[in-house]
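# Examining the three-dimensional arrangement
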There are 2 protein chains.
Amino acid sequence: MPKISDKAIQMPESPIRKLVPFAEGAKERGVNVFHLNIGQPDIKTPEVVMEALSKIDRTVIEYSHSAGYESYRKKLAKYYQGIGLDVNSEDILITTGGSEALMFSMQVCLNPEDEVIIPEPFYANYNGFAKSSGVNVVPVTSKIEDGFALPSMVEFEKLITERTKAIVICNPANPTGYVYSKEELQVLRDLVKKYDLFLFADEVYREFCYEGSPFSVLSLKGIEQNVVMIDSVSKRYSMCGARIGAIVSKNQDLIKNALKFGQARLSPPTLGQIAGEAALDTPQSYFDEVQVEYQKRRDVVVARLNNIEGVICPMPKGAFYAIAQLPVDDAEKFCQWLLEEFSHEGSTVMFAPAAGFYSSPNMGMKEIRIAYVLNEVDLNKAMDCLEVALKEYNK
Amino acid sequence: MPKISDKAIQMPESPIRKLVPFAEGAKERGVNVFHLNIGQPDIKTPEVVMEALSKIDRTVIEYSHSAGYESYRKKLAKYYQGIGLDVNSEDILITTGGSEALMFSMQVCLNPEDEVIIPEPFYANYNGFAKSSGVNVVPVTSKIEDGFALPSMVEFEKLITERTKAIVICNPANPTGYVYSKEELQVLRDLVKKYDLFLFADEVYREFCYEGSPFSVLSLKGIEQNVVMIDSVSKRYSMCGARIGAIVSKNQDLIKNALKFGQARLSPPTLGQIAGEAALDTPQSYFDEVQVEYQKRRDVVVARLNNIEGVICPMPKGAFYAIAQLPVDDAEKFCQWLLEEFSHEGSTVMFAPAAGFYSSPNMGMKEIRIAYVLNEVDLNKAMDCLEVALKEYNK
C-alpha cells in the first residue's frame with residue numbers, strides 16, 4: 001500500500017469540526033446540541049436570491065469565465081464603489097469561496113518555505129491554506145487582556161526575516177470579533193511599505209460591525225500594489241453554501257497570475273454566481289435587521305459570559321464571534337466533556353476550543369470560540385448550559 | 001512592489017483558453033466563431049436538474065458536510081453499484097469539480113518534488129494541478145500513429161525512479177478520445193502493483209463511449225488501496241458550471257486525509273450538490289440520445305478531417321475530442337491566424353493547439369484538439385472553414 005504524503009499527515013484537522021463525532025454521539029443519545037462552534041448563521045438568505053434561483057432560465061449549466069461572469073464582476077465593482085472603494089471589474093477575480101481566494105493569493109505571492117505573519121488567534125483554516133502551499137505561518141500573539149488589539153509594530157518587526165513575504169489579517173476578525181482601527185491599519189501600512197510585503201486582508205465580515213464602519217485595506221494609500229482583499233458572499237448574505245468569494249487587488253500582475261490558477265480549476269460555481277449577482281440587489285433593510293439581531297445576540301452572550309464566575313470575555317466589535325477564557329484546566333477537554341457527559345434540561349452546547357486558532361504551542365488552552373449564530377432564546381439556554389456545566393465540571 | 005512567486009510565474013496558461021482574446025477580436029470584427037476549442041457541450045442539462053433547482057425549498061443556503069451531503073453520497077454510491085462497481089458512501093468525497101478531486105489527490109498522495117507519470121498528450125490542467133502541488137510531471141508519449149494507445153510497460157518502466165509515486169490516466173481520454181482496453185488497464189495494474197504506486201484515473205467521460213463499455217480502474221483486482229477514481233457531473237449531465245466532482249477510493253486512509261483538505265475549504269457547493277443529486281434521476285433515454293448525437297458528430301468530424309489532404313485523425317472511441325495532425329508548420333500559429341486573419345462565409349473556427357497537451361518539448365506542434373461539441377450543421381460549417389483555411393494558409 002503506497003504511503004500518503006507528509007503534507008497530508010501534517011495537514012491540520014479543523015478545530016471547528018473535530019469535535020463533530022462527539023456532537024453526533026450526544027444527538028444519538030437524544031441530547032439537543034446548541035451549535036455555537038461553527039459560523040453557520042441561522043439568518044435567512046435574502047429573498048431576491050431564492051427568487052433568482054427559482055427562475056433560472058438557462059437550459060445548460062455552463063462554465064463561466066475563469067475569472068467569473070463579467071456581469072457579476074461589474075456589478076460587484078459598483079458595490080465596492082458604493083462603500084467608497086476604488087475598485088473596477090478588472091481588479092476582481094471571482095473565486096470558489098473566500099477559501100479559494102486566500103489559497104490562490106498564497107500560491108501567487110509566496111514560494112514554498114516563505115513566511116507569512118498572522119496575528120493569532122486566527123481563523124484556523126489559514127493554517128490549512130499555508131500547509132497546502134508549503135508556506136510557513138509565523139504567529140504574532142494578540143492578547144485577551146488587550147481585547148485582541150493589533151500587536152505593536154515592534155512585535156511584528158521582531159519576526160521579520162528575509163523569507164517574510166506577507167501579513168494576513170482578518171477584519172472584522174474571526175475568531176476574536178476585534179475590528180482594527182484606522183490607526184492600527186496605518187501601522188500595518190507602514191510595516192508593509194517598509195519591508196515591501198503583501199498584505200492579505202480577509203474582510204468577509206465587513207457588514208457585521210457594531211461600532212462605526214470598518215476601514216478597508218483598499219483605502220490605505222501608497223501600498224495599492226501590496227494589498228489583496230479577500231471577500232465572500234457567505235456571511236454577508238447568509239449563503240455559505242454558495243461558495244462564492246473574490247480576490248480584489250489593484251495589482252494587475254497578481255490578478256493576471258491568479259487567473260492562471262483559476263483557469264486550472266476552470267470556473268467558479270455558476271449557480272453560486274447567479275445567487276451572488278442577485279444578492280447585490282438585497283435591500284438595505286435586510287442588513288439593518290441582521291445588524292440589530294446580531295448586536296442583540298452579542299450583548300446577551302457577552303453579558304452572560306462575564307457574569308459567570310471566572311469567565312473573561314472581551315466585548316467584540318464585529319463579526320459574530322467572541323473568545324472567552326474559562327476557569328478550566330483544558331478547554332478542549334471541557335468541550336468534549338460537554339458533548340460526552342453533560343446535559344442540562346435535555347440540552348448541551350458545542351463550542352470550538354480556541355487552542356486550534358493559535359499557531360504558537362500551548363496558547364489559548366483555557367479559551368473557547370463562541371459563534372453567536374442562534375436566536376436569543378437559544379443563546380440564553382446555551383449560556384444556562386455553560387453556567388451549570390462549569391459548576392459541575394469544577395466540582 | 002513585492003514580487004509574485006516563482007510558482008505563479010511557472011504556472012502554465014491554459015492552452016484551451018489562451019487564444020480567447022483572438023476569438024474576442026474576431027467577434028468584435030463581426031466574424032462568427034465556431035468554438036471547437038473547449039469541452040463545453042451544447043447538450044441540455046437534464047430537466048430533472050432544472051426542476052430541482054426551481055423548487056429549492058430551503059430558506060438558508062448553508063454549508064454542507066465537508067465531504068458533501070450524506071444523502072448525495074449514498075445515492076451516488078448506488079449509481080456506481082448500478083454500473084457494477086463496489087463503492088459505498090464512505091468511499092466517496094464530494095469535491096468542487098473533478099479539478100479539486102485531482103488537486104486533493106495529488107496533495108494527499110505526493111510530496112513536493114515527487115513524480116507522477118502521465119501518458120501524453122494529456123488534459124492540460126494536470127500540469128496546473130501538479131505545479132500547484134510542487135509535483136513533477138514525467139510524460140510517457142502515446143503516438144498518433146498508434147491511435148494514442150497506452151505506451152508499453154517497458155516505456156513506463158524506463159521512467160520510474162525512486163521519486164515516482166503515481167500514474168495518472170484519463171479514460172475515456174481527453175484530449176485523444178482513446179478508450180483503454182481491459183488488457184491495457186491490466187498492464188497498468190501490474191505496474192502499479194510492482195512499484196507500489198497510486199493510480200489516479202479520471203473517468204469523467206465514462207458515459208461517452210462508442211464501442212462497448214469502458215473498464216473502470218475500480219474493477220482492477222489486487223490494487224484496491226492504490227486506486228483513486230476521479231469523477232465529475234460536468235460532462236455526464238452537461239452541467240460543467242455546477243462544479244461538482246468526487247474522489248472515489250477504497251483507501252480509507254486516503255479519503256480521511258483528503259477530508260482534511262476538504263475541511264480547509266469548508267464544503268463543496270451546496271447548489272451544485274442539489275443539482276448533482278437530482279441528476280442521478282436522469283432517465284436512461286437522455287444518455288441514449290446524447291450517445292447517438294455524439295457518435296453522429298464524431299463520425300462527421302473524423303470523416304471530414306480525414307478527407308482533407310494532409311490531415312490525419314485517428315478514430316476516437318470515447319469522450320468528445322479528437323486529435324488531428326494538420327499539414328502546417330505550427331498549429332498554434334495556424335489557430336491564431338484562423339482567428340485573426342481568416343473567415344469563410346462570415347465564420348471561422350477555434351481549435352485548441354495540441355502542443356499544450358504535451359509535456360515533452362516540441363511535441364504535437366502540428367496537432368490540434370477538436371472538441372466536437374456543436375450540432376452537425378455547425379460542425380460541417382466549421383469543417384468547411386478548416387478545409388478552405390488550410391488551402392489559403394498553405395498558399
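Residues numbered from 1 in each chain as written. Chains lettered and ligands numbered in written order. Predicted model: local features only at pLDDT ≥ 70, side-chain atom pairs only at ≥ 80, totals over all residues. Heavy atoms only, no water.

Here the focus is the overall build of chain A. Of the regular secondary structure elements, chain A holds 13 helices and twelve strands. At 21 Å, chain A has a C-alpha radius of gyration in line with the 21 Å of a compact globule built from 395 residues. Residue burial in chain A is summarised as follows: out of 395 residues, 63% are buried. If you take every contact in chain A between residues at least 6 apart in sequence, the share linking residues at least 24 apart comes to 76%. In the form shown here, chain A has an accessible surface area of approximately 14300 Å², with 49% of it arising from carbon and sulfur atoms. The average position of the 42 basic charges and that of the 53 acidic charges among the side chains of chain A differ by 3 Å. (Helix = DSSP H or I, 4+ residues; strand = E, 2+ residues; numbered from the N terminus. Rg over C-alpha atoms; globule rule 2.2 N^0.38 Å. Buried < 20%, exposed > 50% of the residue type's maximum accessible area, 1.4 Å probe, protein only. Contact = heavy atoms within 4.5 Å. Areas by Shrake-Rupley, 256 points an atom, 1.4 Å probe, with all protein chains shown as cover. Lys, Arg positive; Asp, Glu negative; His and termini not counted. Charge placed at Lys NZ, Arg CZ, Asp CG, Glu CD.)

Quick look at the domain arrangement of chain A now. Residue and element names in this part refer to chain A. If you check the domain split of chain A, you get domain 1 (6–44 + 285–393) and domain 2 (60–279). If you average the C-alpha positions of domain 1 and of domain 2, the two centres end up 26 Å apart. Between the two partners, domain 1 and domain 2, sit one salt bridge. Note that E211 is salt-bridged to R298, the shortest N-O span being 3.4 Å. Our count for the contact surface shared by domain 1 and domain 2 stands at 15 residue pairs in polar contact (both at pLDDT 80 or more). Those elements that provide at least two residues to the side of domain 1 that touches domain 2 are α1 (6–10), α11 (284–307), β9 (321–325) and β12 (367–371). Ranked by the residues each element gives to the side of domain 1 that touches domain 2, the list is headed by α11, at seven residues. Along the lines of polarity and charge, the residues of the side of domain 1 that touches domain 2 split into 23 nonpolar, ten polar and six charged. (Domains from an automatic or database assignment. Salt bridge = Lys/Arg side-chain N within 4 Å of Asp/Glu carboxyl O. Polar contact = N/O pair within 3.5 Å; in protein donor to acceptor, adjacent residues only side chain to side chain. Nonpolar A, V, L, I, M, F, W, Y, C, P; charged D, E, K, R; others polar.)

Here the focus is the packing of aromatic side chains. Within the structure shown, the criterion is met by 40 aromatic pairs over all chains. The interplanar angle of 80 degrees and the centroid separation of 5.2 Å between the aromatic rings of F208 of chain B and F320 of chain B together place this pair among those described as edge-to-face. Of this pair, F208 of chain B sits in the loop between β6 (198–202) and β7 (227–232) while F320 of chain B sits in the loop between α11 (284–307) and β9 (321–325), and the two are 112 residues apart along the sequence. Among the aromatic side chains, those forming a connected cluster through ring pairs are Y205, F208, Y294, F320, Y321 and Y372 of chain A. Stacked on the ring of Y294 of chain A, the Lys or Arg R297 of chain A has its end atom at 5.1 Å from the ring centre. (Phe/Tyr/Trp six-rings, centres within 6.5 Å; stacked < 30°, edge-to-face > 60°. Lys NZ or Arg CZ within 6 Å of the ring centre and 35° of its normal.)

Enumeration according to the criterion identifies 48 salt bridges over all chains in this entry. Here D231 of chain A ties to R206 of chain A by a salt bridge, and the two come within 3.4 Å at their closest N and O atoms. Remark: R206 of chain A occurs in the loop between β6 (198–202) and β7 (227–232) and D231 of chain A occurs in strand β7; sequence separation between them is 25 residues. Judged by relative accessible area, which is 2%, D231 of chain A ranks as buried. Two residues, K55 of chain B and E51 of chain B, come together in a salt bridge whose shortest N-O distance is 3.6 Å. Bridged by salt links that share partners, the residues D42, E293, K296, R297 and E376 of chain A form one connected network.

Our next topic: the pairing of β9 of chain A. Residue and element names in this part refer to chain A. Most of β9 is tucked away: four of the five residues are buried. One ladder, built from five bridges, connects β9 with β12; its direction is antiparallel. Residue A322 lies in a different strand from β12, and its bridge partner there is I370. (Pairing = 2+ DSSP bridges.)

Cis rather than trans, the peptide bond between N174 of chain A and P175 of chain A has omega equal to 15 degrees. Residue position: P175 of chain A is located in the loop between β5 (164–170) and α8 (182–195). The residue after E120 of chain B, namely P121 of chain B, is reached through a cis peptide bond having omega 0 degrees. Within the secondary structure, P121 of chain B sits in the loop between β3 (115–120) and α6 (125–133). A positive phi is found at N362 of chain A, a non-glycine position, where the angle reads about 60 degrees. Mapped onto the elements of the fold, N362 of chain A is located in the loop between β11 (352–353) and β12. Look at E345 of chain B: it is not a glycine, yet its phi comes out positive at around 50 degrees.

Attention shifts here to the interface of chain A and chain B. Taken residue by residue, the interface counts 78 residues in chain A and 78 residues in chain B. Overall, the association of chain A and chain B removes approximately 6300 Å² of surface from exposure, summing both partners, and the carbon and sulfur fraction of that is 57%. Sorting the residues of chain A by area buried against chain B places R17, I61 and Y63 of chain A first, and these three jointly supply 11% of that buried surface. Viewed at the interface, chain B and chain A are joined by zero salt bridges. No other element matches helix α9 (residues 252–264) of chain A, which puts seven residues into the side of chain A that touches chain B. Its residues placed into classes, the side of chain A that touches chain B shows 35 nonpolar, 28 polar and 15 charged. (Buried area = accessible area lost by both parts, 1.4 Å probe.)

All names here are of chain B. Where helix α5 (residues 97–109) meets α6, the closest approach of the two axes is 9 Å, and the angle between their N-to-C directions is 40 degrees. Viewed along their axes, α5 and α6 adopt a mutual orientation that is oblique. In terms of crossing hand, the pair formed by α5 and α6 is right-handed. Residues S99, L102, M103, M106 and Q107 of α5 pack against Y126, F129, A130, S132 and S133 of α6. For the contact of α5 with α6, a count of residues per class yields six nonpolar, four polar and no charged. (Axes fitted to C-alpha atoms, helices over the stretch in contact; angles between N-to-C directions. Parallel < 35°, antiparallel > 145°, perpendicular 65-115°, else oblique. Left-handed = near helix turned anticlockwise from the far one by under 90°.)

This part takes up the sheet that holds β7 of chain A. All names here are of chain A. Taken in spatial order, the seven strands line up as β2-β8-β7-β6-β5-β3-β4 in an open sheet, and their pairing is mixed. Bordering the open sheet on either side are β2 (92–95) and β4 (136–141), each of which pairs with just one other strand. Within this sheet the neighbouring strands show an average axis-to-axis angle of 25 degrees, counted without direction. Direction of pairing for strand β3 (residues 115–120) relative to β4: parallel, over a ladder of six bridges. When the sheet's bridge partners are listed, V116 is paired in β4 with V137. Here α8 sits on the sheet and contacts β5 and β6; the angle it forms with β5, its principal contact strand, is near 165 degrees. Here α9 sits on the sheet in contact with β2, β6, β7 and β8 (245–248), set at roughly 30 degrees to β2.

Moving on, we get to the sheet that holds strand β12 (residues 367–371) of chain B. All names here are of chain B. Sheet architecture is open: three strands sit in the order β9-β12-β11, paired in antiparallel fashion. Among the strands making up the open sheet, the edge pair consists of β9 and β11 (352–353). Taken together, the two bridges between β11 and β12 define a ladder with antiparallel strand orientation. Bridging from a neighbouring strand, A352 pairs with R369 of β12.

Here the focus is the relation of the copies chain A and chain B. Mapping chain A onto chain B leaves a residual RMSD of 0.0 Å; the transformation is a rotation of 180 degrees accompanied by 0.0 Å of translation along its axis. The transformation just described matches what one would write down for a two-fold rotation axis. Closest to the rotation axis within chain A is the C-alpha of S54 of chain A, separated from it by 1.9 Å. A symmetric contact is evident, with 100% of the interface residues of chain A recurring at the interface of chain B. (Least-squares fit on C-alpha atoms with pLDDT ≥ 70 in both.)

A pair of packed helices is characterised by two quantities: the angle between their axes and the separation of those axes. All names here are of chain B. At a minimum axis distance of 10 Å, the contact between α11 and helix α13 (residues 376–393) shows a crossing angle of 15 degrees. When the axes of α11 and α13 are compared, the pair comes out roughly parallel. When the axes of α11 and α13 are compared, the crossing they make is right-handed. Every residue of α13 that contacts α11 at K296, R297, V300, V301, R304 and L305 is listed here: E376, L379, N380, M383, D384, L386 and E387.

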